[in-house]
Amino acid sequence: RIDQTEAGQSSLITITNPWQGAAFEQKILLVRNHEAVPKGFAGQVVNTPVKSVVCLSSGYVAMFDALGVVEIVKGVSGINFITNDYVRNPASRVADVGYDANLDFERIVALRPDVVLMYGVAGENSLVTAKLRELSIPYIYIGDYLEADPLGKAEWVVALAALCGVEEQGRAFFEGVEARYNALREQK
(Lines give C-alpha, C1' and ligand atoms only; values in the text may rest on other atoms or scores of the structure.)
Protein backbone atom coordinates (compact mmCIF):
# COMPACT_ATOMS: atom_id res chain seq x y z
CA ARG A 1 0.00 0.00 0.00
CA ILE A 2 1.26 3.49 -0.83
CA ASP A 3 -0.04 6.47 1.14
CA GLN A 4 0.93 10.13 1.00
CA THR A 5 2.26 11.70 4.19
CA GLU A 6 0.33 14.50 5.86
CA ALA A 7 2.74 17.06 4.41
CA GLY A 8 2.00 15.52 1.02
CA GLN A 9 5.48 15.36 -0.45
CA SER A 10 6.68 12.01 0.85
CA SER A 11 5.06 8.59 0.63
CA LEU A 12 4.66 5.74 3.07
CA ILE A 13 4.85 2.25 1.61
CA THR A 14 3.50 -0.57 3.75
CA ILE A 15 4.48 -4.09 2.74
CA THR A 16 2.56 -6.88 4.43
CA ASN A 17 3.65 -10.51 4.62
CA PRO A 18 6.41 -10.45 1.97
CA TRP A 19 7.27 -14.16 2.27
CA GLN A 20 5.42 -17.43 2.63
CA GLY A 21 3.71 -17.77 6.00
CA ALA A 22 4.83 -14.32 7.10
CA ALA A 23 3.24 -12.33 9.86
CA PHE A 24 5.38 -9.31 9.10
CA GLU A 25 4.83 -5.71 8.13
CA GLN A 26 7.49 -3.36 6.84
CA LYS A 27 6.99 0.40 6.60
CA ILE A 28 9.18 2.44 4.31
CA LEU A 29 9.08 6.23 4.26
CA LEU A 30 10.05 7.58 0.84
CA VAL A 31 11.30 11.04 1.72
CA ARG A 32 11.10 13.75 -0.92
CA ASN A 33 12.55 17.25 -0.79
CA HIS A 34 14.18 16.62 2.60
CA GLU A 35 10.80 16.45 4.31
CA ALA A 36 11.22 15.74 8.03
CA VAL A 37 10.82 12.16 9.21
CA PRO A 38 7.96 11.98 11.74
CA LYS A 39 9.12 11.59 15.34
CA GLY A 40 9.00 7.99 16.46
CA PHE A 41 8.93 6.54 12.94
CA ALA A 42 10.55 3.11 13.29
CA GLY A 43 10.54 1.92 9.68
CA GLN A 44 13.07 2.23 6.87
CA VAL A 45 13.73 5.72 5.51
CA VAL A 46 14.73 6.09 1.87
CA ASN A 47 15.57 9.47 0.35
CA THR A 48 14.02 9.69 -3.10
CA PRO A 49 14.35 9.68 -5.95
CA VAL A 50 16.90 6.90 -5.58
CA LYS A 51 19.93 6.98 -7.87
CA SER A 52 21.53 3.68 -6.90
CA VAL A 53 19.96 0.33 -6.02
CA VAL A 54 21.15 -3.21 -5.41
CA CYS A 55 18.69 -5.84 -6.62
CA LEU A 56 18.82 -9.28 -5.02
CA SER A 57 16.32 -10.63 -7.58
CA SER A 58 16.43 -10.36 -11.36
CA GLY A 59 12.73 -9.51 -11.42
CA TYR A 60 13.45 -6.11 -9.91
CA VAL A 61 15.91 -5.38 -12.72
CA ALA A 62 13.15 -6.10 -15.23
CA MET A 63 10.81 -3.67 -13.47
CA PHE A 64 13.38 -0.86 -13.50
CA ASP A 65 14.00 -1.61 -17.18
CA ALA A 66 10.26 -1.39 -17.90
CA LEU A 67 10.24 2.01 -16.18
CA GLY A 68 13.18 3.23 -18.29
CA VAL A 69 15.47 3.69 -15.28
CA VAL A 70 17.55 0.50 -15.33
CA GLU A 71 20.73 2.59 -15.08
CA ILE A 72 20.08 3.06 -11.35
CA VAL A 73 20.85 -0.66 -10.86
CA LYS A 74 24.42 -0.73 -9.54
CA GLY A 75 24.53 -4.23 -8.06
CA VAL A 76 22.76 -7.54 -8.56
CA SER A 77 22.74 -11.01 -7.10
CA GLY A 78 23.85 -13.67 -9.59
CA ILE A 79 24.78 -11.53 -12.60
CA ASN A 80 25.33 -14.65 -14.73
CA PHE A 81 21.64 -15.48 -14.42
CA ILE A 82 20.47 -12.06 -15.61
CA THR A 83 19.94 -11.47 -19.33
CA ASN A 84 19.25 -7.74 -19.24
CA ASP A 85 21.47 -6.01 -21.81
CA TYR A 86 22.34 -3.10 -19.52
CA VAL A 87 23.33 -5.34 -16.63
CA ARG A 88 25.37 -7.65 -18.86
CA ASN A 89 27.20 -4.81 -20.63
CA PRO A 90 30.66 -4.45 -19.04
CA ALA A 91 30.53 -0.70 -19.68
CA SER A 92 27.60 -0.37 -17.25
CA ARG A 93 29.82 -1.65 -14.45
CA VAL A 94 26.99 -3.40 -12.60
CA ALA A 95 28.56 -5.47 -9.82
CA ASP A 96 27.66 -8.97 -8.70
CA VAL A 97 27.19 -8.78 -4.92
CA GLY A 98 26.81 -12.52 -4.32
CA TYR A 99 23.72 -14.30 -3.07
CA ASP A 100 21.95 -15.66 0.00
CA ALA A 101 24.33 -15.89 2.97
CA ASN A 102 27.30 -15.18 0.68
CA LEU A 103 26.64 -11.50 0.03
CA ASP A 104 29.73 -9.34 -0.41
CA PHE A 105 28.92 -6.53 2.01
CA GLU A 106 32.16 -4.71 1.25
CA ARG A 107 31.13 -4.52 -2.40
CA ILE A 108 27.63 -3.39 -1.43
CA VAL A 109 29.08 -0.61 0.73
CA ALA A 110 31.41 0.43 -2.11
CA LEU A 111 28.39 0.75 -4.44
CA ARG A 112 26.78 3.20 -1.99
CA PRO A 113 23.22 2.11 -2.76
CA ASP A 114 20.29 4.24 -1.70
CA VAL A 115 18.42 0.99 -1.03
CA VAL A 116 18.78 -2.78 -1.31
CA LEU A 117 15.77 -4.65 -2.68
CA MET A 118 15.45 -8.16 -1.33
CA TYR A 119 13.06 -11.03 -0.79
CA GLY A 120 12.35 -13.54 1.91
CA VAL A 121 11.37 -17.14 1.26
CA ALA A 122 10.97 -18.94 4.56
CA GLY A 123 11.28 -15.87 6.75
CA GLU A 124 13.23 -12.71 7.34
CA ASN A 125 16.85 -12.98 6.28
CA SER A 126 17.93 -11.61 9.65
CA LEU A 127 21.68 -12.03 9.02
CA VAL A 128 21.45 -9.81 5.95
CA THR A 129 19.02 -7.28 7.41
CA ALA A 130 21.05 -6.96 10.62
CA LYS A 131 24.20 -6.25 8.61
CA LEU A 132 22.41 -3.75 6.36
CA ARG A 133 21.05 -1.95 9.43
CA GLU A 134 24.55 -1.91 10.94
CA LEU A 135 25.82 -0.36 7.70
CA SER A 136 22.92 2.14 7.62
CA ILE A 137 21.76 0.85 4.23
CA PRO A 138 17.98 0.83 3.85
CA TYR A 139 16.38 -2.34 2.52
CA ILE A 140 12.95 -3.25 1.26
CA TYR A 141 11.39 -6.69 1.10
CA ILE A 142 9.61 -7.15 -2.23
CA GLY A 143 7.00 -9.93 -2.14
CA ASP A 144 6.09 -9.95 -5.82
CA TYR A 145 6.68 -13.67 -6.20
CA LEU A 146 3.85 -14.40 -3.74
CA GLU A 147 1.19 -12.72 -5.83
CA ALA A 148 -1.37 -15.28 -7.03
CA ASP A 149 -2.71 -12.95 -9.72
CA PRO A 150 -0.46 -11.74 -12.57
CA LEU A 151 -1.80 -8.21 -12.11
CA GLY A 152 -0.78 -8.32 -8.45
CA LYS A 153 2.76 -9.14 -9.50
CA ALA A 154 2.77 -6.41 -12.15
CA GLU A 155 1.49 -3.85 -9.65
CA TRP A 156 4.80 -3.96 -7.76
CA VAL A 157 6.25 -1.82 -10.56
CA VAL A 158 4.20 1.07 -9.11
CA ALA A 159 6.05 0.79 -5.78
CA LEU A 160 9.43 0.71 -7.53
CA ALA A 161 8.38 3.71 -9.62
CA ALA A 162 7.71 5.60 -6.38
CA LEU A 163 11.29 4.90 -5.31
CA CYS A 164 12.58 6.50 -8.49
CA GLY A 165 10.23 9.44 -8.64
CA VAL A 166 8.60 8.16 -11.83
CA GLU A 167 5.17 7.37 -10.41
CA GLU A 168 3.34 8.40 -13.59
CA GLN A 169 5.41 5.99 -15.70
CA GLY A 170 4.75 3.26 -13.15
CA ARG A 171 1.00 3.79 -13.19
CA ALA A 172 0.96 4.04 -17.00
CA PHE A 173 2.99 0.84 -17.33
CA PHE A 174 0.69 -1.02 -14.94
CA GLU A 175 -2.45 0.30 -16.65
CA GLY A 176 -1.08 -0.93 -19.99
CA VAL A 177 -0.37 -4.38 -18.56
CA GLU A 178 -3.80 -4.45 -16.95
CA ALA A 179 -5.56 -3.50 -20.21
CA ARG A 180 -3.65 -6.13 -22.23
CA TYR A 181 -4.21 -8.79 -19.59
CA ASN A 182 -7.95 -8.10 -19.37
CA ALA A 183 -8.27 -8.07 -23.18
CA LEU A 184 -6.58 -11.48 -23.39
CA ARG A 185 -8.70 -12.82 -20.58
CA GLU A 186 -11.88 -11.74 -22.34
CA GLN A 187 -10.83 -13.64 -25.50
CA LYS A 188 -11.27 -16.97 -23.71
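Before any of the text, the structure's been laid out above.
Being a predicted model, the structure only gives us computed values, none of them experimental.

Glancing now at the overall build of the chain. Across its full length, the chain holds 6 helices and 9 strands. Against the globule reference of 16 Å for 188 residues, the chain gives a C-alpha radius of gyration of 16 Å, in line with a compact fold. Buried residues in the chain amount to 45% of all 188 residues. Of the contacts formed within the chain by residues at least 6 apart in sequence, a portion of 43% connects residues at least 24 apart. Taken as a whole, the chain presents about 10400 Å² of accessible surface, with 50% of it coming from carbon and sulfur. Looking at the chain, you have 17 positive and 23 negative side-chain charges, and the mean spots of the two groups are 3 Å apart.

Moving on to the packing of aromatic side chains. Summed over all chains, the structure comprises 4 aromatic pairs. Look at Trp19 and Phe24: their rings are 4.7 Å apart centre to centre, the planes differ by 35°, and that puts the pair in the tilted class. When its relative accessible area of 7% is taken as the criterion, Trp19 is described as buried. When the centroid spacing of 6.1 Å and the interplanar angle of 90° are considered together, the rings of Tyr139 and Tyr141 count as edge-to-face. Owing to a relative accessible area of 0%, Tyr141 belongs among the buried residues under this scheme. One aromatic cluster is present, formed by Trp19, Phe24, Tyr139 and Tyr141 through successive ring pairs.

Attention now moves to the sheet that holds strand β9 (residues 139-141). The strand order across the open sheet built from 5 strands is β7-β6-β5-β8-β9, with neighbouring strands paired in parallel fashion. Strands with a single pairing partner mark the edges of an open sheet, and in this sheet they are β7 (95-96) and β9. When strand β8 (residues 115-118) meets β9, the two strands line up parallel, connected through 3 bridges. Across the sheet, Val116 pairs through a bridge with Tyr139, a residue of β9.

Rules of the game
- Residues numbered from 1 in each chain as written.
- Predicted model: local features only at pLDDT ≥ 70, side-chain atom pairs only at ≥ 80, totals over all residues.
- Heavy atoms only, no water.
- Helix = DSSP H or I, 4+ residues; strand = E, 2+ residues; numbered from the N terminus.
- Rg over C-alpha atoms; globule rule 2.2 N^0.38 Å.
- Buried < 20%, exposed > 50% of the residue type's maximum accessible area, 1.4 Å probe, protein only.
- Contact = heavy atoms within 4.5 Å.
- Areas by Shrake-Rupley, 256 points an atom, 1.4 Å probe, with all protein chains shown as cover.
- Lys, Arg positive; Asp, Glu negative; His and termini not counted.
- Charge placed at Lys NZ, Arg CZ, Asp CG, Glu CD.
- Phe/Tyr/Trp six-rings, centres within 6.5 Å; stacked < 30°, edge-to-face > 60°.
- Pairing = 2+ DSSP bridges.

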